[in-house]
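Topology and contacts: notes
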Amino acid sequence: MSTVPYREFVDFPTSALLLLQDNQLRGNVRHATDVIQSKRDRVVREMPDWQALRDSGYAIRAHTLDYLDTYLEQFADRCTAAGGHVHWARDAAEANRIVVGLARNATGRVLKIKSMTSEEIGLNDALLAAGIEPIETDLAELIVQLGHDRPSHIVVPALHKSRQQVRELFARTMNLPELGDRPEDLTEAARLYLRHRFLNTPVAVSGANFLIAETGGVCIVESEGNGRMCLTLPRTLISLAGIDKVLPRFRDLEVMLQLLPRSATGERMNPYNSLWTGVHPGDGPQEFHVVLLDNRRTEVLRDQQARETLHCIRCGACQNACPVYRQTGGHAYGSVYAGPIGAILTPQLASMKRGQSLPFASSLCGACYEVCPVKINIPEVLIHLRGRVVSAKPAGGLTLEALAMRAMLWVFLGEARLKMAQRLGRIAQRPFIRASGWIEWLPGMLGGWTQTRDLQPLPRQSFREWFERRPPSGGPE
Amino acid sequence: MTEASRARAEILADIRSANRRSAALPPADETWETLPRAYRQTGALSPADCIELLAERLRDYGAGVVLVAPHQVADAIADILRRRNQSSVLVAPDVDPAWLNSAECSWVRDRPLSYEALSGVDGVLTGCTAAIAATGTLCLCHSDSSQGRRAPTLIPDYHLCVVRAGQIVENVPQGMRALEPYRNQPITLISGPSATADIEMTRIQGVHGPRTLDVAIVV
C-alpha cells in the first residue's frame, strides 16, 4: 500500500479526537449515513429472500477464494481469447509501472472512473510523476481531486463536503464565478467540465466490480454515466482489479446485482451496469487491458480466520451502520478503506505493519456483520486481528498492560487466589464508591475506563460465596 | 521467464500455498453446482401485474412511462418525441420500421457515426432485450441485430426505449437468465436516467448519460 497520501497518520485515537471537534464534518457524516441507511433498510425489507441471497453471496465468495487460482487463470485465458490483454501485478509499485507504461502513449492525460483499488496503490501520484494528468470523472472523486482532498467513504467519497464548499471549489477551479450552489447547478457544471474531456481523451483507467471467469468479462456498477463514458469512448481502456474481484460464472451476477445496489446506495438497482468481454470490433475501446493486483491479498488468504475479509464487494454498508464511523467519518482511519471493513482490511494489506490501532476502533456491536451482504463476520475478524496485533508486540519489552494480564491469568487459575483477590478488591474499592453506588473515578491506568463510563463496584457476595452459604434445602422442588 | 510471466506464476503459487488445497478436492465446476441458491428464481406475479410493477418502478426513478397498444406504437412514439422537442433521433437496429411515422422528426441511422456527430443528435430510440420489473431495469445488448453500439445510447441527452410485454420478467435472476445467450456481448443495464447523490445526498437526475428517459411499454 502506498504510504504517500496518508503518511501524517499516527493512530486512530489521535486522529479521531481531532476530527471529532469538526462539527460540520460530523453533521455531514451523520446526515449521509442516516440517509443511505434508511434507504437501504427500506429496500432490503421489501426482499423476502434477503437472507437467502446473503447466504448465497457468502457461499459464492468463499467458493471463489477456495478455487481462486483456477478462476483467475480461467478469467485470464478467456479475456485474452476475447482480445484483451491481462497483466499480473504482485504489488502496488508493479501495478503502477504497468498502468503508467500503458498510458504513456496517451496525450498527457487519462480519464478515471472511481476506483478504491487505484487509491490503494496511489495510482494518481504515479501517473502525475510520469507527467500524465489523471482526470477523475465521478462527481465525488472530482470534488476530492480538485480540492486536493481525500475520499472519506467507499460509495460517497465526498460526503464530508457541503454544497457551499463544493460551489466555492468549482467556482474557483472551473472559473465559474456565477455558479449557483444548488446541487443541480453543481452537477451541470461537472457535466460541462467533463463532456469534451470524455470525447477527446484516448485512454481511460477503471476499477472493476466483478470479473467473470466463465466469460473473461468485466462488470462495472455506477450511477452517473461517467463510467459508461470511460468504458465506451476512449480508444484504450485499462481496468485495474484486485485478484479477489473474480466471480465464477455469469449467473453469479444474479446474486451480486441484487445484493450490491441495495446495500451500497439503498437503490433497487443503480442506474447503470456495464458488462463487456475483451474487445468488440466497431464498438468501444479497441485496446483493452486488465491488471490483476495481488498487493498482499494472498497473505490475507493465508490467514484462515481472516480470509473472509476478501469476500468484500465494497458496498460501504458497514460504514453507514458503524457507530464509530458515524461519529468520526472516514478520515480518522488514515487509510483508503475506512470503517469496519477498513479496520480489518487495512492492517492486513500492510502485513500488520500499519493501521495496528484500527482493529481496536470498534465497540464490537456487530452492526457491520448484520448488514454485510456477503456475511463477513467483521467482529470476529476484528478480535482475531487484535490478537495478532498484541502477539506481534516484542516479547522483550514487557508492558504494564501485559504484566497486569499475566497477573490476572495467575489469579483466575486458582480458586483460593480468586477468592482472596475478590476480598481485597472489596476493601480497596471502598474509598472510590460514590453516594450513587457507582465508581466514577479511578486513579492511574485504571482511570482510562472511568474517563468515559461509570463502573459498578464488586458486589458484597460472589456467586460462589452465596452458593456455599445458602441454607440446606430438601433437594429439588 | 519474463518478468510478466514470473509475476503470474508467483501470484498463482502464493494462492495455492495459501489455500493448501488437497489434491482430492473436487473440480471447481462440480462444487459450484452445489452452492446454496435458496433465493427466488421464478416469478410469482401475473403478466399484467408485472407490467404494472415495471411501470411503477421506472416512474420511481424519474423515467416517463406510457402503456400503448401494439397498433398505436408509432403514434405514441411520435407523440412522446413531440412533447420532448426531439427533432433528430437516432434509431437502433432493433427498432421496427413501422414505428417510425412521425413527420416532424428526422430519423438518423448509426452508419457508424463519429462521437461528434452523435453529440449533434437530440435523442436515441431503442428497443430492449429484456426488462426486469422488480428493479425497473432495461437490459440492452449491443450488437447489430439488437440495440446497436454502446455510444449512441450514451452520448445523446435523451433516450426513448420501447419494451414489448413479452420481454418483461419479474426479478433479477429471470433477467440474467434472459441475458445468458448474450453474455459475451457488451450489455448495459439501465435503471432510470443517470443520477447522483454525491452532494449532500440529494438525488439529482441526469449527470453524464441521457438526462431524460422515457419508456413505452407495448401491451
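If you're wondering where the values come from, they're calculated on a predicted model, not measured in any experiment. (Residues numbered from 1 in each chain as written. Chains lettered and ligands numbered in written order. Predicted model: local features only at pLDDT ≥ 70, side-chain atom pairs only at ≥ 80, totals over all residues.)

**Here we look at the overall build of chain B**
When its secondary structure is counted, chain B shows 6 helices and 12 strands. For a compact globule of 219 residues, the expected C-alpha radius of gyration is about 17 Å, and chain B comes in at 22 Å, more than 25% above that figure. With the principal axes as the frame, chain B shows a C-alpha extent of 70 × 45 × 40 Å. Burial statistics for chain B: of 219 residues in total, 47% are counted as buried. Residue pairs in contact within chain B that sit at least 24 positions apart in sequence constitute 72% of those at least 6 positions apart. (Helix = DSSP H or I, 4+ residues; strand = E, 2+ residues; numbered from the N terminus. Rg over C-alpha atoms; globule rule 2.2 N^0.38 Å. Buried ≥ 20, exposed ≤ 12 C-beta atoms within 10 Å, placed from the backbone. Contact = placed C-beta atoms within 7 Å.)

**Digging into the overall build of chain A**
Helices and strands together make up the secondary structure of chain A, namely 22 helices and 10 strands. Considered along the principal axes of its C-alpha atoms, chain A spans approximately 90 × 55 × 50 Å. Considering chain A as a whole, with its 477 residues, one finds that 51% of them fall into the buried category. The long-range fraction of contacts in chain A, counting pairs at least 24 apart against all pairs at least 6 apart in sequence, stands at 73%.

**Some thoughts on the interface of chain A and chain B**
Accessible area lost on assembly of the parts is the figure often given for the size of an interface. Residue-level contacts link 74 residues of chain A with 59 residues of chain B. Grouping the constituent residues of the side of chain A that touches chain B by class yields 34 nonpolar, 21 polar and 19 charged. Examined bridge by bridge, strand β9 (residues 272-277) of chain A and strand β9 (residues 187-190) of chain B share 4 bridges and lie antiparallel to one another. Looking across to β9(B), one finds that Tyr272(A) is bridged to Ile190(B). (Nonpolar A, V, L, I, M, F, W, Y, C, P; charged D, E, K, R; others polar. Pairing = 2+ DSSP bridges.)

**So, the sheet that holds strand β7 (residues 236-242) of chain A**
Residues and elements named next belong to chain A. Pairing within the open sheet is parallel, and its 6 strands lie in the order β1-β10-β7-β4-β2-β3. Both edges of this open sheet fall to β1 (85-89) and β3 (133-136), since each of them pairs with a single strand only. Shown here is a sheet whose adjacent strand axes are inclined to one another by a mean of 25°, direction ignored. (Axes fitted to C-alpha atoms, helices over the stretch in contact; angles between N-to-C directions.)

**Quick look at the packing of helix α12 (residues 253-264) of chain A against helix α6 (residues 172-179) of chain B**
At a minimum axis separation of 9 Å, α12(A) and α6(B) run at an interaxial angle of 135°. If you check the angle between α12(A) and α6(B), you find them oblique. The element α12(A) and its partner α6(B) pack so that their crossing is right-handed. Residue-level inspection shows Leu253(A), Glu254(A), Leu257(A) and Gln258(A) of α12(A) in contact with α6(B), the latter providing Val172(B), Pro173(B) and Met176(B). Residues belonging to the contact of α12(A) with α6(B) are distributed by class as follows: 5 nonpolar, 1 polar and 1 charged. (Parallel < 35°, antiparallel > 145°, perpendicular 65-115°, else oblique. Left-handed = near helix turned anticlockwise from the far one by under 90°.)

**Observations regarding the environment of Asp198(B)**
Here Asp198(B) is to be found in the loop between β10 (195-196) and β11 (204-205). Of the residues examined, Asp198(B) has 31 C-beta atoms within 10 Å and is grouped as buried. In contact with Asp198(B), other than residues within four places in its own chain, are Leu139(A), Ala140(A), Val156(A) and Ala158(A).

**What about the domain arrangement of chain A?**
For chain A, the assigned domains read domain 1 (12-297) and domain 2 (403-469). Averaged C-alpha coordinates put domain 1 of chain A and domain 2 of chain A at centres separated by 52 Å. (Domains from an automatic or database assignment.)

**Quick look at the packing of helix α16 (residues 339-349) of chain A against helix α18 (residues 378-392) of chain A**
Residues and elements named next belong to chain A. Axis separation between α16 and α18 bottoms out at 10 Å; the angle between their running directions is 40°. Judged by the inter-axis angle, α16 sits oblique to α18. As for the relative orientation of α16 and α18, their crossing is left-handed in sense. Where α16 approaches α18, its residues Pro-340, Ile-341, Ala-343, Ile-344 and Pro-347 are matched on the opposing element by Ile-378, Val-381, Leu-382 and Leu-385. Here the contact of α16 with α18 is composed, by residue class, of 9 nonpolar, no polar and no charged.

**Examining the pairing of strand β6 (residues 217-222) of chain A**
On any regular strand, side chains alternate: one points to one face of the sheet, the next to the other face. Residues and elements named next belong to chain A. Burial runs high along β6: 6 of the 6 residues are buried. Side chains of β6 alternate between two faces, with Gly-217, Cys-219 and Val-221 and Val-218, Ile-220 and Glu-222 buried alike. Across 3 bridges, the pairing between strand β5 (residues 210-212) and β6 is antiparallel. Bridge pairing in β6 places Ile-212 opposite Gly-217. Hairpin connection, β5 to β6: the antiparallel pair is bridged by 4 residues, and Gly-216 has positive phi, about 75°. As paired strands, β6 and β9 are joined by 6 bridges and run antiparallel to one another. Bridged to Val-221 within β9 is Asn-273.

**Let's talk about the sheet that holds strand β7 (residues 158-164) of chain B**
Residues and elements named next belong to chain B. On the basis of which strands lie adjacent, the open sheet formed by 6 strands has the order β1-β12-β7-β4-β2-β3 and parallel pairing. Edge strands, defined here as strands with exactly one partner in the open sheet, are β1 (64-68) and β3 (106-109). Direction aside, neighbouring strands of the sheet carry axes that sit 25° apart on average. Examined bridge by bridge, β7 and strand β12 (residues 212-218) share 7 bridges and lie parallel to one another. Directly across from Cys-161, in β12, lies its bridge partner Val-215.

**Focus: the confidence of the model for chain A**
Here chain A shows a mean pLDDT of 92. Residues at 70 or above account for 97%. Scored below 50 in pLDDT, residues 1-5 of chain A makes 12 contacts in the model with residues more than four places away or belonging to other chains. (pLDDT = per-residue confidence, 0-100.)

**Section: the environment of Asn377(A)**
Residues and elements named next belong to chain A. Mapped onto the elements, Asn-377 comes out in the loop between α17 (367-371) and α18. Placed 71 residues apart in sequence, Asn-377 and Ala-306 show a C-alpha to C-alpha distance of 9.1 Å. Leave out the neighbours within four places in its chain, and Asn-377 touches Glu-308 and Tyr-369.

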